[in-house]
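Close look at the chain arrangement
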Amino acid sequence: MFKSKWIRFLPFLPLIVLLLAVNIYGDAGNIFHSPVDVTAEALLAGYPAYVASGNLSERELRYRYICRMSGDVECLIMGASTVMCVTSEDVGEEKFVNLGNSNGRLEDILAYLGTMKLLAKDKHIRRIILGPSEYWFNKKMFDRDYDEKTRQVLKPYTDYMFDTINGKDTADRKFYPADFGGGIYEFNPLFSISYFQANVNYLADTDMLNLQRSGIVRDNKYEGYYYMPDGSWVYGKTVILQNENDVILIAGKHVLDTNLLDRYTEHIDPDLRRNFEKLVQYLIAHEITVEIYLIPLAPALWDRLDTKKHPFFPELEEYLIRIAEKYSLRIIGSYNPYKVGITNADFYDARHVRRGHISRYFDLKAKN
Amino acid sequence: MIQDILYWSPCFMTLTDQLFFFFLIVSGFLYYFAPKNFQKHILLAASFFFYLTAAGIKLYKLIFVLVFITGITYAGSIFIDKSRGKNRTVLTWVCVTVLVLALFLMKSAYNILAQIFEDTEKFGFMKFFPLIGLSYYTLSAIGYILDVSWGIYPADKNPVNIALYVIFFPQLVSGPVTRYSQMREQISAYHPLEYENIAYGLRRMLWGYFKKLVISERFAVIVSAVYSDYGNYNGAYIVFATLCYAVQLYTDFSGCMDIIMGAANLFGYSLPENFDAPFFSLSLKEFWRRWHITLGTWFKDYVMYPVQMSKIMNVLGKKCVKSFGKKRGKKIQFYVSMFVLWVLIGLWHGGTAHYFIASGMIPFLLLTLSDIMPSWISLNYDNIFCRVLCRFRTVLLMCVSFVFICAESVGNALGVYGRILMNFAAPVTAQLPLSSYVTSTDIALMTSGLLIVLYADYLKDRKTSVTALIDRQRPFIQYCAIYAEVLAIMFFGMVGNSSFIYFQF
C-alpha cells in the first residue's frame, strides 16, 4: 500500500481538514451553530442578549421568541428596521414586544401574527403599532432582501394569516414547528472558500480559544449590537458614535451604492396596498387598536428626493393618511423630516432614528 | 410532469463553484468504475448535465440546440462522406451555412440589429437564449464537417463519438476549439484510472484557480474603478488601468484554460494548448500565434486559407498583380483575405461594435501596418534590451484594442482616447482615490502574482515549465510549492460571483 503513488495525496488532507475545521468552528454566519434559541430564552428571561458575530436570522429569532413567550402580550410594534429601536418606554406599555426586523415586509408581519394565532398567543393583544416602510408597498425593494430562505420557512404561517385576513376557512390549520435547516448538512458553506475567509477574519478579531456565539449583556463594556428583553434593538458602539456628518456621507454613499433613488420612482403596488388594508380591517374587526407610525427619512436623504421623479414616499403618506381617516386610526409622524422637525443629528444613518430620540419627536404612548 | 421536466432549469454551476468539484468527483467515480464500454457514455451524460447547469437554461431549449448542432454535424458528415463531386460541395455548403446561421442568429443577430436600430422591441424575438459555449463547439462542428469534406478523415459513424466531441464538458463553455483529429483517438480509447492524469490535472486546475482568483480578480478592481469613472481620471491612470486589464484578461482566460485542461486531464483527455506565453511575443504577428491559439489556427485553416485559395481571390490576385506589380499585387490579395478573417473573428466575438473593433478591425489594421512598415524600422531581436522593448511594445499595441473592451462602447472608447491624449497628466477628480480600492495586501499579491505568472511564461518561452521545474526539486519543496498555492487561494482567493471573461463568447 505504501508503495502506491496515490498515497502522495495524503499530505494534502490537512488542507481539507483546515477548511472544514475553520468553517465549522468559526461559523461567523451561525450556519452550523444556531444561537437563536439561547438568545430568545435569554430575552424572555429578562436579559439583554447579543450574538457575538452579529450574524443572526432575525426572523428566526422573532419566531422562536413568539413560540416561547407567554400569551399575555398586549402591545406590539411591527415593521422594518426603522422601528427596531422603539422601546416599551417609548410606547408606555409594560407588556410590549418589538417585532420589527431588517427589510421587514408585510409577509413577515403576517408570519408573526399567524404564528401567534396558531399558538393562541394573540388573545390579549389590544394594540398594534404598524410602521409601514418602503418594503411594504414597493416590490422593487424586494431584490435587496437577504433572508428569503427564512421567509420561505415561515411561509406556512404567512399563508395561514393571509387566508385568515381574506376570510377563508382556516379552522383546520394546525401549528407545525418550523424547520430552519442549518447544521452540518449545509454543504455549500462547509466547503466554501469565501466563508473560510470570513471565518478567518472573524476568528482573528475574537478570543479564538473562548469563542462565545451569544451572551448576556451585563454592563456597558459590551460594544456590539444586542437585543433588549422587549425585543428592541441596540446598535453597536461604532454606529452610535456616528455623527451628523456621517449621516450626510452615508446618505450620499447609500443612495449611490444601492441605486435607491431608482426604487423611489415607483408608485405604491396595488396588490400590496390591498393586502395592507385587509390586515387593518381584520385587526379592527378583532377589536385591536391599530396605530400607524411614519418614520421620517433623514433630512440628508429627503433632500435628494425630487417629488416629481420620486413620488413614492409622498404618495405612501397620502395613502396612509386616507386609510387612517377611513378607519379612524391614529397616525404619528411623517416621512418628511421637516414636518416633524427632526434633524440629521437625531439619526444613526439615512433611515434609522436614534434610540432615545424617538420619544422627543413621536408620542407613541396610547391615547385612551 | 413531462412539461415540468422539460421546463426544468437547475441551479447555476460555474467552474469556481464547490458544486463543480462535487460534480467532478461523482462523474469521475462513475467514469472510472463503470464497465469499459460505458465510459464515454457516462462522460457524455456528465457533459450534458454540466452544460445544463452551466448554461442555466431550460432543459427543452438545451436539448433542442444540442440535438440540432450534433444532428447536423453527424448526419451532414455521413452524407458528405458518401457523396462525390458537386453534390459533396453543395452538401458541405449547406451544412456549414446552417451551422453558421444558427450561430449568428442565436448569438449575434440581436446585438447587431440593436446597434443599428433604436427600436429593439420588434427584434425581441431574435434575442435567443444566450447560450454560453455555442461559439466554441459550433466552430468545432464546422471544422469537423470541412475536414470530412476535404477527405482528411472519414465521417465517424458512431453518434456518441460525435456528440461527445461536440459537448465534451471541459471545453464546452470556453474552448479550446478542438479538431476531431485531436480528439478521435481519445474518444474511442478506454481511459484507465492513472495517478499521473489525476495529479497533473489537479495541479493544472490549481494553477488556473490561482491565476483567476488571486491575481485576475484583483486587477479587475482597478480596471473597474478607473473605467467606470474615466472622466475623473487622467490619461496616465487610464493607461495604467488598461495595462492592468491586459494582466486581468490574460490571467482570467489562461486561468480558465488551465482549469479546463486540468479537468480534461482528470478524465484522461489531453486538449490543445491555447496560450504560449503571448506577452513574450516580439511582434504582433507573433502575439496572434501565441494568443487563443486554437481560435486563430481554426480561422486560419478554415477561413483564411480557403478564401485565399478561392477562385474569386485568384482572379482578384491576377488583377492586382497586373495593376500593381507582382509583389504588391500578392500582398493586396493577402490583405483582403486577412480582412475577411478579422471581420469574422470580430463577429465571432458577439457582434457589438466595440468588440468588433477591438477584436477584429484594430488587429487587422495594426497587423497590416506592421507588415507594410519598411524593414529598416524593425528592431534588432538579438539585443536583449531591444527584445524587452519589443515585448513591451506588443503589450502597448494590444492595449489599443483593450481600451474598446474596457470602455464597453465606441463612444466611451473615443472619450477615453481623448482623456489619454489631451489630459495625460491632469489632476484626478475621482471621489475616492484609487488606493481606497486596494489594500497593501492586494498590492503585494498583485505584484508577486504577476511576477510568478511572468516567470512561468518565461519558462514556457524557453520550452520548459513551472511544473517541470518543481518536479526536479525534492519532494518537500514540491509539497511546499503546492501548499503555498492552495493556501494563497484559500486565504486570498476572491471567490465571488464573477464569471470568466471568455464565457460571454
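On to a nonpolar patch on the surface. A surface patch of nonpolar side chains, about 710 Å² in accessible area, is lined by Trp 6 of chain A together with Phe 22, Val 26, Phe 29, Leu 30, Phe 33 and Leu 193 of chain B. Relative to the assigned elements, Leu 193 of chain B resides in the loop between helix H9 (180–188) and helix H10 (195–227). Classification of Leu 193 of chain B as partly exposed rests on a relative accessible area of 39%.

Interface size, as often reported, equals the accessible area lost upon joining of the parts. The partner chain A presents 21 residues to the 21 residues of chain B that form the contact. Both faces combined, the contact of chain B with chain A buries some 1900 Å², and carbon together with sulfur accounts for 73% of it. Summed over the three residues of chain B that lose the most area to chain A, namely Gln 18, Tyr 195 and Met 490 of chain B, the buried surface amounts to 39% of that side. Here chain B is connected to chain A by one salt bridge. Between Lys 5 of chain A and Glu 196 of chain B there is a salt bridge, with its nearest N and O atoms 2.3 Å apart. At the junction of chain B with chain A, the criterion picks out five residue pairs in polar contact (both at pLDDT 80 or more). Of all the elements in the fold, those that place two or more residues in the side of chain B that touches chain A are helix H2 (18–33), H10 and helix H21 (475–492) of chain B. Among the elements that line the side of chain B that touches chain A, the one with the most residues is H21 of chain B, at nine residues. Its residues assigned to classes, the side of chain B that touches chain A comprises 16 nonpolar, three polar and two charged.

In this section: the packing of helix H13 (residues 293–309) of chain B against helix H15 (residues 326–348) of chain B. Residue and element names in this part refer to chain B. At a minimum axis separation of 9 Å, H13 and H15 run at an interaxial angle of 135 degrees. If you check the angle between H13 and H15, you find them oblique. For the element pair H13 and H15, the recorded crossing hand is right-handed. Touching Leu 295, Phe 299, Lys 300, Val 303, Met 304, Val 307 and Gln 308 of H13 are Gln 333, Phe 334, Ser 337, Met 338, Val 340, Leu 341, Leu 344, Ile 345 and Trp 348, all from H15. Of the residues contributing to the contact of H13 with H15, the split by class is twelve nonpolar, three polar and one charged.

Further remarks concern unusual backbone geometry. The omega angle of the peptide bond from Gly 175 of chain B to Pro 176 of chain B is 5 degrees, so this bond is cis rather than trans. One can find Pro 176 of chain B in the loop between helix H8 (169–172) and H9.

Time to look at the pairing of strand E2 (residues 75–79) of chain A. All names here are of chain A. Within E2, five of the five residues are buried, leaving the element largely enclosed by the surrounding structure. Every second residue of E2 is oriented toward a common face, with Cys 75, Ile 77 and Gly 79 on one face and Leu 76 and Met 78 on the other, all of them buried. Both E2 and strand E3 (residues 96–98) contribute to a ladder of three bridges, which runs parallel. Bridge pairing in E3 places Ile 77 opposite Asn 98.

Residue and element names in this part refer to chain B. Enumeration over the complete set of coordinates arrives at 71 aromatic pairs over all chains. Considering the side-chain rings of Tyr 153 and Tyr 180, the 5.7 Å spacing of their centres and the 55 degrees angle between planes classify their relative orientation as tilted. Of the two residues, Tyr 153 sits in the loop between helix H6 (134–149) and helix H7 (159–167) while Tyr 180 sits in helix H9, which places them 27 residues apart along the sequence. Residue class for Tyr 153 comes out buried when judged on its relative accessible area of 3%.

All names here are of chain A. Overall, parallel pairing links the five strands, which are arranged E3-E2-E4-E8-E9 in an open sheet. Looking at the sheet topology across the chains shown, the edges are occupied by E3 and strand E9 (330–333). The average undirected angle you get between the axes of adjacent strands in this sheet is 20 degrees. This element, helix H5 (residues 106–118), spans E2 and strand E4 (127–131) of the sheet and lies at about 150 degrees to E2.

What follows covers the packing of H10 of chain B against helix H19 (residues 440–461) of chain B. All names here are of chain B. Following both chains from N to C, one finds H10 and H19 inclined at 130 degrees, their axes separated by 10 Å at the closest point. The angle between the axes of H10 and H19 places the two elements in the oblique class. Here the hand of the crossing between H10 and H19 comes out left-handed. Touching Trp 207, Phe 210, Lys 211, Val 214, Ile 215, Arg 218, Phe 219 and Ile 222 of H10 are Asp 442, Leu 445, Met 446, Gly 449, Leu 450, Ile 452, Val 453 and Ala 456, all from H19. When grouped by side-chain class, the residues that make up the contact of H10 with H19 number twelve nonpolar, one polar and three charged.

What follows concerns the nonpolar core. All names here are of chain B. Counting residues in each nonpolar core, the largest one holds 152 residues, and the members touching the most others are Phe 20, Phe 50, Tyr 137 and Tyr 269. By residue number, the principal contributor to this core is helix H11 (residues 235–266), which donates 17 residues. Excluding residues that lie within four positions of it along the chain, Phe 20 makes contacts with Met 13, Thr 14, Leu 15, Phe 50, Phe 169, Met 205, Tyr 209, Ile 259 and Ala 263.

Residues and elements named next belong to chain A. The full count for this structure, using the stated rule, is three cavities of 30 Å³ or more. As a volume, the largest cavity reaches approximately 60 Å³. Lining the largest cavity, in full, are Ala 49, Tyr 50, Val 51, Gly 54, Leu 56, Tyr 225, Tyr 226, Tyr 227 and Trp 233. Sorting the residues of the lining of the largest cavity by element identifies strand E1 (49–51) and strand E6 (226–227) as the ones contributing at least two each. Broken down by element, the residue count for the lining of the largest cavity peaks at three residues, all from E1. Looking at the lining of the largest cavity residue by residue, the class counts come to eight nonpolar, one polar and no charged.

Quick notes on the rules
Residues numbered from 1 in each chain as written. Chains lettered and ligands numbered in written order. Predicted model: local features only at pLDDT ≥ 70, side-chain atom pairs only at ≥ 80, totals over all residues. Heavy atoms only, no water. Patch = residues over 30% accessible without salt bridge, like charges linked within 9 Å, V, L, I, M, F, W, Y side chains within 5 Å. Areas by Shrake-Rupley, 256 points an atom, 1.4 Å probe, with all protein chains shown as cover. Salt bridge = Lys/Arg side-chain N within 4 Å of Asp/Glu carboxyl O. Helix = DSSP H or I, 4+ residues; strand = E, 2+ residues; numbered from the N terminus. Buried < 20%, exposed > 50% of the residue type's maximum accessible area, 1.4 Å probe, protein only. Contact = heavy atoms within 4.5 Å. Buried area = accessible area lost by both parts, 1.4 Å probe. Polar contact = N/O pair within 3.5 Å; in protein donor to acceptor, adjacent residues only side chain to side chain. Nonpolar A, V, L, I, M, F, W, Y, C, P; charged D, E, K, R; others polar. Axes fitted to C-alpha atoms, helices over the stretch in contact; angles between N-to-C directions. Parallel < 35°, antiparallel > 145°, perpendicular 65-115°, else oblique. Left-handed = near helix turned anticlockwise from the far one by under 90°. Pairing = 2+ DSSP bridges. Phe/Tyr/Trp six-rings, centres within 6.5 Å; stacked < 30°, edge-to-face > 60°. Core = buried A, V, L, I, M, F, W, Y, C linked by side-chain atoms within 4.5 Å. 1 Å grid on protein atoms, 1.4 Å probe; cavity = no way out; pocket = protein on both sides within 12 Å on 5 of 7 lines; lining within 4 Å. Points joined across faces, edges and corners; volume = space filled by probe spheres on them.

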